Structures are given as structure tokens and as C-alpha cells.
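Summary of structural features
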Amino acid sequence: MTADRSCSPETPPSYDKTLQAVLEQGLNIYGALHPGKRPVKNLSHGTLVLLGTGARFWPVFTQSPEHLDDQPNPVDLWSTRVIGALGSALGATAYFPFGGPPYTPFVDWALASGRAFTSPSQMMVHDEVGMLISYRGALHFDQSFDIPPPPLAHSPCATCTTQPCLNTCPVHALADGGPYDLTACHQHLDTPAGVACMTQGCLARCACPLSQGAGRRIEQTAHHMRYFHPS
């Protein structure tokens, strides 16, 4: 799903200009890359900027019409509106990780950015927000502009000695090398013991040492858990 450019920016696009615009909306840049220099699916030129929820996301979102009107899939609707508008204002095309099939290859883009990695549990981990990674969209610019290099040269999991993502889950749904035992997870969430996961979020994902960097509010986590496991 894309939102086409409707106008051209008054000034050339830049990383700093894009960052300022997305921060104002409660989002953050989760990574960026030049598809022409690092081949990725679906794109071959310009600059791709990946967007995810920031620490200010939940206060911004809960004041939005999508939330206040109790619309279905409100976070997706909010993302479509807000990131689509950012694309129009900045002169970029907006892409989203939902709305398929077919789906936009966000996993491929994320790994190619050098800021997201495959954790031992096979879930993605981000160098700043850990396993509470939440991509909401991306902006693709035809122009190529400077982007900062990834802060880490390798996956943060390579130096994580405790690997809590593997030993925190109460039902051991996450295993080294996978696969993710989705059935065991959902069955646990239907029990009284699963209340903590439903209200506080996936205990394994929250236990990642980097997840604190997400600034995730407990209300936001509970919202996503209700969509992951409807009662």
C-alpha cells in the first residue's frame, strides 16, 4: 500500500528534516538505506527511511480521531493518515507493513538497514528499541541524501550473555533458532497466568535489555496484545 506524492517539498529532502517531521508525530526513524547501493526487494534507487513508534507515540495517538472514534484497526488507520501526509509534505512515497497480501517487504528492508537483526528466538531485534520493535511505515525518496551509519557493527545479541528472550517466556514458546510456538503462546494467554503478558506485553520481548529504549507505555502494550490475542 502506498501514498503517492502530491506535492514537492520546498527544500531538498534530508535526513535531519525527515527526522524532525516524524518526531513531531510521535514516530522515530528506525533505520535508513540507499537501495541503489544495497539491493533490496521492490526498490532500486533513492533513499528509504523506515519509521516506527517513538516514546511520544501513545500520547499523540490517543488524541487522534482514529482512537477517539473507536475505529477498527486504529493504529493502522492512524499510520496510513499520518505517514501518508508526511510523504506528501516531504515529497516521498509512503509504504506500510499492512494492507496485504501482497505485503511490502519490511523485514527485508529492516535487515538491510543494518539496524535490525534476527535474534536467537528468530524475532527481530533493533539496536535502540530491542524486541519492542514496531514499524509503522516507510518513506521512499527518489533523491539520494546522506544518512547516518548504523551505530552497531553487529547484532546486539552477539554480546548478550543472558539471552532473556529465550528463558523468560513462561511456556518456552520462544526457542533458540525457532520456530515460535504460537499455539503454546495463545493457550497460555487464555489462562490466569497469562494476564501479566496481556497487560504488560510479551515478557520475553520486554526482557530484552534494549527494549527499555522503546519508551513503550503499558497502555500501548496492552492495546497491541488485545489485537494479537482477542478475547
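Above this text you will find the structure in question.
Below you will find a few notes about this structure. (Residues numbered from 1 in each chain as written. Predicted model: local features only at pLDDT ≥ 70, side-chain atom pairs only at ≥ 80, totals over all residues. Heavy atoms only, no water.)

Thoughts on the overall build of the chain
If you tally the helices and strands in the chain, you get ten helices and seven strands. Taken over C-alpha atoms, the radius of gyration comes to 18 Å for the chain, in line with the 17 Å a tight globule of 231 residues would show. Its C-alpha atoms give the chain principal-axis dimensions of roughly 55 × 45 × 30 Å. The buried share of the chain, taken over its 231 residues, is 47%. For the chain, the share of sequence-separated contacts (at least 6 apart) that also reach a separation of at least 24 residues comes to 68%. A total accessible area of about 11400 Å² is found for the chain, and carbon and sulfur atoms account for 55% of it. A gap of 3 Å separates the mean positions of the 13 positive and 17 negative side-chain charges of the chain. (Helix = DSSP H or I, 4+ residues; strand = E, 2+ residues; numbered from the N terminus. Rg over C-alpha atoms; globule rule 2.2 N^0.38 Å. Buried < 20%, exposed > 50% of the residue type's maximum accessible area, 1.4 Å probe, protein only. Contact = heavy atoms within 4.5 Å. Areas by Shrake-Rupley, 256 points an atom, 1.4 Å probe, with all protein chains shown as cover. Lys, Arg positive; Asp, Glu negative; His and termini not counted. Charge placed at Lys NZ, Arg CZ, Asp CG, Glu CD.)

Notes on unusual backbone geometry
Geometrically, the link from glycine 100 to proline 101 is a cis peptide bond, its omega value of 0 degrees lying close to zero. Assignment of secondary structure puts proline 101 in the loop between strand 4 (93-95) and helix 5 (106-112). A positive phi angle is found at aspartate 70, which is not glycine, with a value near 55 degrees. Inspection of the secondary structure assignment puts aspartate 70 in the loop between helix 3 (65-68) and helix 4 (74-90).

Some remarks on the layout of surface pockets
Each pocket or cavity is described by its volume, and for the largest pocket that value is around 1200 Å³. The wall of the largest pocket is formed by 41 residues, among which Ile133, Ser134, Arg205, His224 and Phe228 lie closest to the centre. Breaking the lining of the largest pocket down by element, the ones donating at least two residues are helix 4, helix 5, strand 7 (135-141), helix 7 (182-189), helix 9 (203-207) and helix 10 (218-228). Per element, the largest residue contribution to the lining of the largest pocket is six residues, and it comes from helix 10. Partitioned by chemical class, the residues of the lining of the largest pocket number 28 nonpolar, nine polar and four charged. Quantified by volume, the second largest pocket comes out at close to 160 Å³. (1 Å grid on protein atoms, 1.4 Å probe; cavity = no way out; pocket = protein on both sides within 12 Å on 5 of 7 lines; lining within 4 Å. Points joined across faces, edges and corners; volume = space filled by probe spheres on them. Nonpolar A, V, L, I, M, F, W, Y, C, P; charged D, E, K, R; others polar.)

A look at helix 4
For helix 4, which comprises 17 residues, the first-to-last C-alpha distance of 24 Å matches the rise-based estimate of 24 Å (1.5 Å per residue) to within 8%. Within the span of helix 4, buried status applies to Pro74, Val75, Trp78, Ser79, Val82, Ile83, Gly84, Leu86, Gly87, Ser88 and Leu90. Immediately downstream of helix 4, the backbone of glycine 91 shows phi near 80 degrees, a positive value. (Expected span 1.5 Å × (residues − 1).)

Considering the pattern of salt bridges
Pairing between side chains of opposite charge can happen when the charged atoms of each approach one another. Going through the model one piece at a time under the given rule, you end up with four salt bridges. Residues glutamate 66 and arginine 81 are paired through a salt bridge, measuring 2.6 Å at the closest nitrogen-oxygen approach. Within this pair, whereas glutamate 66 is found in helix 3, its partner arginine 81 is found in helix 4, the two being separated by 15 residues in sequence. For glutamate 66, a relative accessible area of 7% translates into the label buried. A salt bridge links glutamate 128 to arginine 115; the nearest nitrogen and oxygen atoms lie 3.4 Å apart. Taken as a pair, glutamate 128 in the loop between strand 6 (124-126) and strand 7 and arginine 115 in the loop between helix 5 and strand 5 (116-118) lie far apart in primary sequence, 13 residues in all. Its relative accessible area of 35% is what places glutamate 128 among the partly exposed residues. Classification of arginine 115 as buried rests on a relative accessible area of 12%. Residues joined by salt bridges that share partners form a network here, namely Arg115, Asp127 and Glu128. (Salt bridge = Lys/Arg side-chain N within 4 Å of Asp/Glu carboxyl O.)

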